[in-house]
Amino acid sequence: MSNFIQKYNIPGPRYTSYPTVPYWDEACFTVDSYKETLVRSFNESNASEGISLYIHLPFCESLCTFCACHKRITKKHAVEGPYIDAVIKEWNMYLELLGSKPRIREIHLGGGTPTFFSTENLTRLLRAIFDTSEIAPDHEFSFEGHPNNTRREHLETLYELGFRRVSFGVQDYDPMVQKAIHRIQPYENVFNVTDASRKIGYHSISHDLIFGLPFQTWKSMETTIKRTISLKPDRLAFYSYAHVPWIKGVGQRGYDENDLPSGEEKRALYENGKKLLEELGYVEIGMDHFALPTDELYQSMLNKKLHRNFMGYTSSSTQLMIGLGVSAISDSWYAFAQNEKVIEDYYARLEKNELPLYRGHILDQEDLVIRRHILNLMCLQSTRWDQPEQQFPELPQVIERLREMETDGLINILPNGIDITEEGRTFSRNICMAFDLRMLREQPGTRIFSMTV
């Protein structure tokens, strides 16, 4: 395995979408064409599966230097009210566009730090959505909570509003690592919010861990995993640290490159971490994710209903996802559209009664076929092309690119498709890259992706 990790650990996308954001054809994107795909997707799916909402809440009280998310650092909570007003206005613009009441299947509150906001403002935002929608009986509502500022009041209020899933960012418990990433977070805080969530009734509690952080060693990672397991979260995200300091505003210049684990050390963190998680009862779900056999995500994997979108892996699948808030991305299946990334620009567009979009991509027929194959590989660990609508002209070249991976035992190439082997699951991103025609036709001149492992 270690030899393969060394061989295949190259820069590559995480494939929460296809095409990936750097390969969106922004020149051919128009707001009107995006609106057409949005209404089309809504009409095709709302009555049956419903729609998903991703709401980006960007404020944080302090900067975590490992974070590549869009955020605004402030301790001034007066920013909450105007932002909630803006998101509600954006939602009302979508309601007018859709023309009928949406059926909400999934909501995820991300950030930033959603629990930066008061329970009063979170309630006001969600009530504005609920009062104009139908809530699906099998809905799945989730939010990201910071262990340092998620109060019991947050947990109780969101539970009363229908939330049953919560994710807490842990990253690492080692004091040196925490200091380097500016995330001082005692174990006691994580214990308290996890214990409170369980007692209140949340049925899926997730912890996020990151390997490859500055000053991280296997000894510290092993301690972090064992302390995490002692709390027995239902799900675990075991992410590779994406070191992308070249992206403006990500705040990843708080330490030197030499402070990061070497390639060999990072590979050991992953291999040992995965082995320990599996020994302690967790099952690998797709890429970067683990779950207990009792969790819904594991059941979705068994039933081949696992889905992946900009929110990561989810057990519910909707054709239409609307992104609300600064930098949020909407996905109509036929198109992607991203909101303005600067809060002032987001406000200015809304004041003009415009959807606050600044870029996007309309998928052509080839994109739609490739997107389905990549989604199958990321969620089902296999894909097929036995039907004409599953094929595309460059399929023979894709198969040739996969031959070496078959020789290495990462995949099995069948007459009408491929299956990823157990050993190949680690290299799902590399396997998907063989299908990524847009990237292959236009190789980046500079590094734009994090490493695949």
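Here the structure is shown first, and the text comes after it.
Residues numbered from 1 in each chain as written. Predicted model: local features only at pLDDT ≥ 70, side-chain atom pairs only at ≥ 80, totals over all residues. Heavy atoms only, no water.

Caption draft 1: Region of interest: the sheet that holds strand β19 (residues 417-420). Pairing is antiparallel in the open sheet, where three strands are placed in the order β17-β19-β18. Strand pairing shows two members of the sheet lacking a second neighbour, β17 (382-384) and β18 (411-414), which therefore form its edges. Strand-to-strand twist in this sheet, taken as the mean axis angle between neighbours without regard to direction, amounts to 10 degrees. Pairing between β17 and β19: three bridges, direction antiparallel. Across the sheet, residue Thr-383 finds its bridge partner in β19, namely Ile-418. (Pairing = 2+ DSSP bridges. Helix = DSSP H or I, 4+ residues; strand = E, 2+ residues; numbered from the N terminus. Axes fitted to C-alpha atoms, helices over the stretch in contact; angles between N-to-C directions.)

Caption draft 2: Up close: the pairing of strand β6 (residues 163-171). Of all nine residues in β6, eight are buried; the element is thus mostly enclosed. Pairing geometry for strand β5 (residues 134-145) and β6, over five bridges, is parallel. Within β6, the residue paired with Ser-142 across the bridge is Arg-165. With six bridges joining them, β6 and strand β7 (residues 204-211) adopt parallel strand pairing. Along β7, the bridge assignment pairs Arg-165 with Ser-204. (Buried < 20%, exposed > 50% of the residue type's maximum accessible area, 1.4 Å probe, protein only.)

Caption draft 3: Region of interest: the side chain of Asp-436. Mapped onto the secondary structure, Asp-436 falls in the loop between α14 (428-433) and α15 (437-441). It is Arg-438 that comes nearest to the buried, bridge-free Asp-436 among opposite-charge side chains, at 7.1 Å. For Asp-436, the side chain forms a polar contact with the side chain of Tyr-15, separated by 2.7 Å. With sequence-adjacent residues up to four places away left out, Asp-436 is seen in contact with Pro-13, Tyr-15 and Tyr-18. (Lys, Arg positive; Asp, Glu negative; His and termini not counted. Salt bridge = Lys/Arg side-chain N within 4 Å of Asp/Glu carboxyl O. Polar contact = N/O pair within 3.5 Å; in protein donor to acceptor, adjacent residues only side chain to side chain. Contact = heavy atoms within 4.5 Å.)

Caption draft 4: Summary view of helix α5 (residues 152-160). Regarding α5, the residues found buried are His-154, Leu-155, Thr-157 and Leu-158. Next to the buried residues of α5 lie β4 (103-111), α4 (119-130), β5, β6 and α7 (187-200).

Caption draft 5: Structural context of unusual backbone geometry. Here the residue pair Tyr-18 and Pro-19 is connected by a cis peptide bond, since its omega of -5 degrees sits within 30 degrees of zero. By the element assignment, Pro-19 lies in the loop between α1 (2-8) and α2 (31-45). Between Gly-111 and the following residue, Gly-112, the backbone shows a cis peptide bond with an omega angle of 20 degrees. By the secondary structure assignment, Gly-112 is in the loop between β4 and α4. Residues other than glycine seldom take positive phi values, yet Tyr-15 does so here, at roughly 55 degrees.

Caption draft 6: Spotlight on empty space enclosed by the protein. The tally for this structure, following the rule as stated, stands at two cavities of 30 Å³ or more. Here the second largest cavity defines a volume of roughly 90 Å³. For the second largest cavity, the full set of lining residues is Tyr-15, Thr-16, Ser-17, Tyr-18, Arg-308, Asn-309, Arg-371, Ile-374, Leu-375 and Met-378. Where the lining of the second largest cavity is concerned, the elements lending two or more residues are β11 (307-309) and α12 (365-380). Per-element tally for the lining of the second largest cavity: the top contributor is α12, with four residues. (1 Å grid on protein atoms, 1.4 Å probe; cavity = no way out; pocket = protein on both sides within 12 Å on 5 of 7 lines; lining within 4 Å. Points joined across faces, edges and corners; volume = space filled by probe spheres on them.)

Caption draft 7: Region of the structure containing the packing of aromatic side chains. For the coordinates displayed, the defined rule picks out 20 aromatic pairs. An angle of 10 degrees between the planes, with centres 5.6 Å apart, marks the rings of Trp-24 and Phe-336 as stacked. Linking Trp-24 in the loop between α1 and α2 with Phe-336 in strand β15 (residues 335-339), this pair joins segments that are 312 residues apart in sequence. Seen from their ring centres, Phe-211 and Phe-238 are 4.8 Å apart, and the 40 degrees between their planes marks the pair as tilted. Taken together, the residues span a long stretch of sequence, with Phe-211 in strand β7 and Phe-238 in strand β8 (residues 235-240) at a distance of 27 residues. The exposure classification of Phe-211 matches that of Phe-238, with both residues buried. Taken together, the ring pairs connect Phe-59, Tyr-83, Phe-116, Phe-117, Tyr-346 and Tyr-347 into an aromatic cluster. Of note, Arg-164 hangs over the ring of Tyr-159, and the distance from its end group to the ring centre comes to 3.6 Å. Sitting over the ring of Tyr-187, Arg-227 keeps its end group 4.2 Å from the ring centre. (Phe/Tyr/Trp six-rings, centres within 6.5 Å; stacked < 30°, edge-to-face > 60°. Lys NZ or Arg CZ within 6 Å of the ring centre and 35° of its normal.)

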